[in-house]
Structure formats: C-alpha cells, structure tokens
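# Fold and geometry: a report
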Amino acid sequence: MAATLPILLVAAAIGSGLIAGIFFAFSTFIMSAFSKIPPEQGIAAMNSINVTIVRSPFMLLFIPVAVICVGIAIIAFTDWRGSASLWMIFGAACYLIASFVSTIVFNVPMNDALAKVSGNGSAAADLWNVYLRDWTWWNHVRTVASLASAIAFVRALVLL
C-alpha cells in the first residue's frame, strides 16, 4: 500500500486539476459567450454539449477521479498519517461532494430541464436566463472545489 498511495494521490491531483480546468473554461468564457447569443442558439449549443459530454473522454476522467477519491478517503481513515490524512480527506471531500455530487444534484437536473424546451419563445428565453445564472453559479462551485481538491492532494503528497 505504501507505493500505491502516492500513485493514487498523483492521479487524483492531475485528474481533479484537469476537471477544474474544464469547469474553469465554462465559468470564465463559454457560458459568458452563450449569454451573448440569441437564446435559441445558446440552448441548442448547450444541449449539444450536454449530449456530447456524456459520451466523451470527459466521463473517463470525471467518474474514475471520484472512485480514486473514495479510495484515498478510505486509506486516509484506515492508515492514519496525521496532517497528510487530513489533506487527503479534505481533497476527497471537495471533489466528491462539491464537484461530483453537486453535478448530479444541481447541474444535471438543469441540463435535463433545458433539453425539454424548444429554443423559441419567451418561456425558453426565461428558462435560458435562469439556467445561465444558476448553472454557472454551480459550475463556479465545481471549479473551486476541483481546484481545491488538486491542491489538497499535492499537499498530502508533500506531507507523506
């Protein structure tokens, strides 16, 4: 197990850092760009992204990092290493709760609701405006949490 833990921490740090970068792109310019185009175009673009992402390599990163985080948390509790274990638990919790679970609880239901509207009309425009605000806010949460997770895993590695 001694050799496995650093490998898991490196994988989790890189994986959560990559996820943070993807979320950062959405938070800093993609959603802003979508807000500047007509609602029907923004809705169509976001719906296309939402269909594409679940069949993309993103999922081969997003889900395995969550599994690695569970493993790291288990190791942190069962093989206590002082402050390194605290950083491992913090990193795992940030990713699992504020990045992974918040995606399932908040962003995915918003994506599902967006997929059910046509891109035309005032109801679609109203939904789009709420979606832009709320989805982006939760995406900010996921960005910060994923970055905090990466930092925590690097700190745990330093302390091992």
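The structure presented is a predicted model; accordingly, all values stated were derived computationally and were not measured.

Within the secondary structure, A115 is located in helix α4 (residues 83-115). When its relative accessible area of 52% is taken as the criterion, A115 is described as exposed. The sequence separation of A115 and N50 amounts to 65 residues, and the corresponding C-alpha distance is 8.7 Å.

Our next topic: the pattern of salt bridges. Under the criterion given, the structure shown has two salt bridges. Note that R81 and D79 form a salt bridge whose closest N and O atoms lie 2.8 Å from each other. Since its relative accessible area comes to 30%, R81 is described here as partly exposed. Between D134 and R133 there is a salt bridge; the shortest N-O distance is 2.8 Å. Since its relative accessible area comes to 26%, D134 is described here as partly exposed.

In this structure, N47 sits in helix α2 (residues 39-53). Note on N47: relative accessible area 16%, which makes it buried. Ignoring any residue separated from it by four or fewer positions in sequence, one finds N47 in contact with N111, L114 and A115.

What follows covers α4. For α4, built from 33 residues, the straight-helix expectation of 48 Å at 1.5 Å per residue is met to within 8% by its first-to-last C-alpha distance of 45 Å. Remark: the principal bend of α4, roughly 50°, maps to T103.

This part takes up the side chain of S56. Relative to the helices and strands, S56 resides in the loop between α2 and α3 (59-78). Relative accessible area serves as the criterion here: at 17%, S56 is assigned to the buried category. In this structure the side chain of S56 is engaged in a polar contact, spanning 2.8 Å, whose partner is the backbone oxygen of I53.

Definitions and limits used
- Residues numbered from 1 in each chain as written.
- Predicted model: local features only at pLDDT ≥ 70, side-chain atom pairs only at ≥ 80, totals over all residues.
- Heavy atoms only, no water.
- Helix = DSSP H or I, 4+ residues; strand = E, 2+ residues; numbered from the N terminus.
- Buried < 20%, exposed > 50% of the residue type's maximum accessible area, 1.4 Å probe, protein only.
- Salt bridge = Lys/Arg side-chain N within 4 Å of Asp/Glu carboxyl O.
- Contact = heavy atoms within 4.5 Å.
- Expected span 1.5 Å × (residues − 1).
- Bend = angle between axes of the 7 residues up to and from the residue.
- Polar contact = N/O pair within 3.5 Å; in protein donor to acceptor, adjacent residues only side chain to side chain.

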